[in-house]
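Descriptive structure summary
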Amino acid sequence: MALTDTALKALKPRERPYTVADARGLYVEVFPTGGVVWRFRYRLKGKAEKLTLGKYPALTLKNARVKRDEAAQAAAMGTSPAEQKQLAKAAAADNTTVADFGERFFRDIVSKDRADVTIPRRYFDKSIVPAIGTKPVREVTTDDVRAIIWRKKEEGFDAAAGQVRGVLKRMFDYALTAGLVQTNPVLALPMRHVHKAKARERALSADEIKVFLTAAFESNIRRQFKIGLQLILLTMVRKSELLLARWSHVDFEAAEWHIPAEHSKTGKRHIVFLSRQAVALFKELQALAGGSELVMPGRGSLTKPFAHNAINNALKVALKGEAIPAFTVHDLRRTASTLLHENGWPSDVVEKALNHTIGGIRGVYNRAEYETQRREMLQFWADYIEQLMTTSKVILGRFRQVA
């Protein structure tokens, strides 16, 4: 009996795949996952062949019958529909450009591995696409990728060269999996020859914090960046978490900032308990946001945040001419961690405030959130910074005891 739309909608998955026939070789295969696929059986020169037509319900019963009839006509003329489909797929793969495949790579791989794809996306758009974006993936050579990577090195950005190499390697790994290439052209360029990352140990001293904050607030960088840099220091958050923050995430009454899982590097929701100084800074940012849903809307836009390197550049401008060794925005987190540990705050409380994943067996069994201790610690830290900026000398030490 031929299939009907009602019968198709009533199909239920079973433990094993099974088939239900329509007519003249057309049938559906139902999988344990619930997927339903149209297939067509036919014979060509005495040999049985099978052709996959598409998925139901995207391919309707009516259209599946049309495709069956087209395939049957081709088979009657001595042409294999299955072979023609494979040839068409191969031809499409042969012509896939780097720019097109990159979109698939970010959709299928990168976006599933990390919540924030801004940095790898920027390297792809700014360094890779302009150089080889229109070139078919199968035609990209080691010389092509070497030129892209070495251009960054020649500009003096070794770490960025390593990042570009990482994006290229992962993309061509996926191209290898997808059958578009036979070898990965990036493998001829070992990372150790491009950039060897060094473990960062930079943490600012109390005197350096004072120089940094004074220089930042006396500089001509945007007011948002001045406040943002101080907020990162006070709250110990990552730069990306602040740049992506929305006002719906900030609860002024509870003095809490809720960072959603998709904005968190760990992929887990995180709560930042706000000191009274941090609340005041957020309120000033709200006045500067001009009604935007974003805490820090970008230049000339209320719907897009600043680029990730904008606050880095602001820091460089603010510190220009200052007698202080170079440091990065991320080093502010390490600074807070270092000084809090030196002041006797428990490591688990500090790590939880940093939104770090605690490793080992302790991480498995320690599910504590330490809300009370974190609130007290972050208020202590904000008071310490405030005292640092209002006195000529800072006395290291805890002003309150942890309960």
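Described below are features of the structure shown in this document. Residue positions within a chain follow its written sequence, with the count starting from 1. Where local features are concerned, this predicted model is filtered to residues with pLDDT of at least 70; where side-chain atom pairs are given and counted, the filter is 80 or more; whole-chain, interface and lining totals use all residues. Side-chain measures were taken over the full set of non-hydrogen atoms in the model, leaving aside hydrogen atoms and water.

Considerations on the overall build of the protein chain
Rules: To qualify as a helix, a DSSP run of H or I must reach at least 4 residues; to qualify as a strand, a run of E must reach at least 2; elements of each kind are numbered from the N terminus. Put simply, the radius of gyration uses C-alpha atoms, and a globule should come to 2.2 Å times the residue count raised to 0.38. By definition, residues are in contact when any of their heavy atoms lie within 4.5 Å. All accessibility values rest on the Shrake-Rupley procedure with a 1.4 Å probe; residue burial counts only the protein chains present in the view. Two residue types count as positive, namely Lys and Arg, and two as negative, namely Asp and Glu; His and chain ends fall outside the count. Charge coordinates come from a single atom per side chain, which is NZ of Lys, CZ of Arg, CG of Asp or CD of Glu.
Secondary structure assignment for the protein chain yields 17 helices and seven strands. Against the 2.2 N^0.38 benchmark of 22 Å for 403 residues, the protein chain shows a C-alpha radius of gyration of 29 Å, more extended than a compact globule. In the protein chain, the proportion of contacts linking residues at least 24 apart, taken out of those at least 6 apart, comes to 58%. Here the protein chain displays about 21,900 Å² of accessible surface, and carbon together with sulfur accounts for 52% of that area. Computed over 65 positive and 43 negative side-chain charges, the separation of the two mean positions in the protein chain equals 4 Å.

Some thoughts on unusual backbone geometry
Across the junction of Tyr56 and Pro57, the peptide omega takes the value 10°, indicating a cis bond. Tracing the backbone shows Pro57 in the loop between β4 (47–56) and α2 (61–76). Positive phi is not limited to glycine here, since Met236 has a value of about 65°. You can see Met236 is positioned in the loop between α10 (223–235) and α11 (239–243). Even without being glycine, Tyr370 reaches a positive phi, approximately 55°. Here Tyr370 is to be found in the loop between α16 (360–365) and α17 (371–390).

Side note on the packing of helix α4 (residues 98–113) against helix α5 (residues 118–132)
Test applied: Here the axes come from fitting lines to C-alpha atoms, over the contacting stretch only for helices, and the angles between their N-to-C directions go from 0 to 180 degrees. Roughly parallel means an angle under 35 degrees; roughly antiparallel, over 145; roughly perpendicular, 65 to 115; everything else is oblique. Handedness of a crossing follows from how the near helix is turned relative to the far one, being left-handed for an anticlockwise turn of less than a right angle and right-handed for a clockwise one. Three classes are used: nonpolar for Ala, Val, Leu, Ile, Met, Phe, Trp, Tyr, Cys and Pro, charged for Asp, Glu, Lys and Arg, and polar for all others, with Gly counted as polar.
At a minimum axis distance of 10 Å, the contact between α4 and α5 shows a crossing angle of 160°. In this view, α4 runs roughly antiparallel relative to α5, as classed from their interaxial angle. For α4 against α5, the interelement crossing comes out right-handed. From α4, Val98, Ala99, Gly102, Glu103, Phe106 and Val110 reach across to α5, where they touch Pro120, Arg121, Phe124, Ile128 and Ile132. Each residue belonging to the contact of α4 with α5 can be placed in one class, and the counts come to eight nonpolar, one polar and two charged.

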